[in-house]
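# Commentary on secondary and tertiary structure
Each chain, letter by letter, is given below.
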Amino acid sequence: MEAVVVDAGSKLLKAGFAVPDQAPSMIIPTQMKRTLEDGSLSDSSLFEDITVDPVVRGFIRDWDAMEDLLNHVLYTGLGWEMGNEGQILFTDPLATPKAFREQLVQLMFETFNISGFYASEQAVLSLYAVGRISGCTVDIGHGKIVVIDFIDWFNSKLYIAPVIEGAVQHIASRRFEIGGVDLTKLLAQELGKSNPTVNLNISDVERLKDQYSCCAEDELAYEKIQRSCQREQHTLPDGQVITIGRERYMVGEALFQPSILGLEAHGIVEQLVRSISTVSSENHRQLLENTVLCGGTASMAGFEDRFQKEASLCSSVIRPSLVKPPEYMPENLTMYSAWVGGAILAKVVFPQNQHITKGDYDETGPSIVHRKCF
C-alpha cells in the first residue's frame, strides 16, 4: 500500500496516496461544523453556525478537531482499515514550534497506530514538485505569506533559514502573518462600503474572492481602474444582489502594495529580493532564477503576469524568474504543490527506511521527529 500524504492548510486539506503525477484524491475544507452528541448536524439556535477551525494560520490549533478530521480522511476517505494502518507523510509549515511537531507524531503513532511517519517543510516540497532542490518559494496560503530561500536540502524553522551544505543560515527566510484570509477581510470591508444594504457573511465573501479577484497589469493600470471600472452584478445564495467592480483588483494589489492593508511593508517582489540579498552573493542567481509560486492565492487571475512584470522592474541585478512545472504534472499545481512534492519525497524516504518507524518512536518518544525529519 502506498504511503499517504497529508497537507493540512488553514482553508483546505489535501490528502491522498503518494502518486506524484496525480492530484490529491481528497481536497476538502479544513473547517468543520459542530455536531450534536448523536452525530447529527446541530440545528438548535445554541449551536447554529458554530464552526471549528483545526488549523489556523497554517498551524494545528485544535487537536481534538484535527483527530476527528484525520479519522474521516484516513478511514472513510482513503479506506484505511483499523489494525492495518500504513505509512504517512505530513507537510510542515514554516516556523512550526517543536512541541507541535512532537504532538503530531505522538497523535499518529499512539492514536492512529501508523507503521511509519515522516514530515518535511511545505516550501521545500513545493520546489520538489517542479523538479528543483535549490530555489526560492513564495507561498501565499489562506493564513500566511512565506518567502523562503533554499540551497539544496534547505530547512526552515522560525525565520528564513537556508541550508548550505548542511549548515542552516538563519538570515534569509521571512514569514508574514498575512494571507488569503486577510485579503478576504479586505474584500468584505470594501464590498460593505459599496453595497451598504447587503448583508454579507464571510463565506459569501470568500466565494466572491475566489470567483472575481484578479491583479491589474501594473500600478498605473490599477490606479486607472480605481478611477473607472465596470461593475458586475452577482446574486448571492440567499437571493441578495451585490455589485462588484474595482474591489476585485484591490485583493491582488494589496500583495504588491501592502499599504492597502494598512501595513508599512514592501511589496512581495521587493521582499523576495531583499530576502535573497541576505545570503551569500554566489547563491543569488541560483535562488532568484528558480522562484516558485504556490498557495491558493497565487492562482489568482493575472497574479503570475504581474509578479513577472514587477520582477522585471525590481532593483536587483539578477531578476527573479519563475519556474514552470513539468508538463506531466497535474493542472493547477500551485494549489497543491506541497502535496505533490510530498508524494515525490514519500517515494524516497519510505522505501529507503529514512522515516520514523514504530520501533523508533517506542524507543525514543515524540522527540525522534527532530532528529529524523528536521
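Residues numbered from 1 in each chain as written. Predicted model: local features only at pLDDT ≥ 70, side-chain atom pairs only at ≥ 80, totals over all residues. Heavy atoms only, no water.

### A word on the overall build of the protein
- Of the regular secondary structure elements, the protein holds 13 helices and 18 strands.
- For the protein, the proportion of its 374 residues judged to be buried stands at 52%.
- When the accessible surface of the protein is split by element, carbon and sulfur atoms take 48% of a total near 17,300 Å². (Helix = DSSP H or I, 4+ residues; strand = E, 2+ residues; numbered from the N terminus. Buried < 20%, exposed > 50% of the residue type's maximum accessible area, 1.4 Å probe, protein only. Areas by Shrake-Rupley, 256 points an atom, 1.4 Å probe, with all protein chains shown as cover.)

### Points about the sheet that holds strand β1 (residues 4–8)
- One open sheet holds the 6 strands; their spatial order is β3-β2-β1-β8-β9-β18, and the pairing between them is mixed. Lying at the two open borders of the sheet, with one neighbouring strand each, are β3 (26–29) and β18 (356–357).
- Bridge count between β1 and strand β8 (residues 87–92): 3 bridges; the pairing is parallel. The partner of Val5 across the bridge, within β8, is Leu89.
- Sitting on the sheet, helix α1 (residues 63–77) is in contact with β1, β2 (12–17), β3 and β8, with an inclination near 150° to β3. (Pairing = 2+ DSSP bridges. Contact = heavy atoms within 4.5 Å. Axes fitted to C-alpha atoms, helices over the stretch in contact; angles between N-to-C directions.)

### Comments concerning the pairing of strand β16 (residues 241–244)
- Going residue by residue along β16, you find Ile242 and Ile244 tucked away on one face and Val241 and Thr243 left uncovered on the opposite face.
- The pairing of strand β15 (residues 232–235) with β16 spans 4 bridges and is antiparallel. Across the sheet, Gln233 pairs through a bridge with Thr243, a residue of β16.
- Following β15, the chain reverses through 5 residues before pairing antiparallel with β16; Gly239 in that reversal takes a positive phi of roughly 95°.

### Considering the packing of helix α4 (residues 180–194) against helix α7 (residues 247–256)
- Viewed as axis vectors pointing N to C, α4 and α7 meet at an angle of 145°, and their least axial separation amounts to 9 Å. In this structure, α4 meets α7 at a crossing whose hand is right-handed. Every residue of α7 that contacts α4 at Leu183, Leu186, Leu187, Glu190, Leu191 and Ser194 is listed here: Glu247, Met250, Val251, Ala254 and Leu255.
- Taken together, the residues that form the contact of α4 with α7 break down as 8 nonpolar, 1 polar and 2 charged. (Left-handed = near helix turned anticlockwise from the far one by under 90°. Nonpolar A, V, L, I, M, F, W, Y, C, P; charged D, E, K, R; others polar.)

### Some thoughts on the pattern of salt bridges
- Under the counting rule described, the total for this entry stands at 19 salt bridges.
- For Lys11, the salt bridge identified is with Asp210, shortest N-O distance 2.9 Å. Placement of the pair is Lys11 in the loop between β1 and β2 and Asp210 in helix α5 (residues 202–212), with a sequence separation of 199 residues.
- For Lys11, a relative accessible area of 27% corresponds to the partly exposed category.
- Among the charged side chains, a network of salt bridges with common partners joins Lys11, Glu206, Lys209 and Asp210. (Salt bridge = Lys/Arg side-chain N within 4 Å of Asp/Glu carboxyl O.)

### Some remarks on the packing of aromatic side chains
- Applying the stated criterion to the full structure yields 8 aromatic pairs.
- Centre to centre, the rings of Tyr75 and Trp80 are 6.4 Å apart; their planes meet at 70°, and the pair counts as edge-to-face. An identical accessibility class is assigned to Tyr75 and Trp80; each is buried.
- We classify Tyr75 as buried; its relative accessible area is 13%.
- Put simply, the rings of Phe59, Trp63 and Phe100 touch in pairs and so form one group of aromatic residues.
- Taking NZ or CZ as reference, Arg306 lies 4.6 Å from the ring centre of Phe256, over its face. (Phe/Tyr/Trp six-rings, centres within 6.5 Å; stacked < 30°, edge-to-face > 60°. Lys NZ or Arg CZ within 6 Å of the ring centre and 35° of its normal.)

### Some remarks on unusual backbone geometry
- Positive phi outside glycine occurs at Asn113, with the angle close to 55°.
- In this structure, Asn113 sits in the loop between α2 (98–110) and β9 (116–121).

### Some thoughts on the nonpolar core
- Counting residues in each nonpolar core, the largest one holds 61 residues, and the members touching the most others are Leu13, Leu74, Ile88, Phe90, Met108, Phe117 and Ile356.
- When residues of this core are assigned to their parent elements, the largest contribution, 9 residues, is made by helix α11 (residues 333–349).
- Apart from the residues lying within four places of it in its own chain, the contact partners of Phe117 are Ile88, Phe90, Leu104, Val105, Met108, Phe109, Phe350, His355, Ile356 and Val369.
- Membership of the second largest hydrophobic core comes to 42 residues, among which are Ile140, Cys214, Phe256 and Ile318. (Core = buried A, V, L, I, M, F, W, Y, C linked by side-chain atoms within 4.5 Å.)

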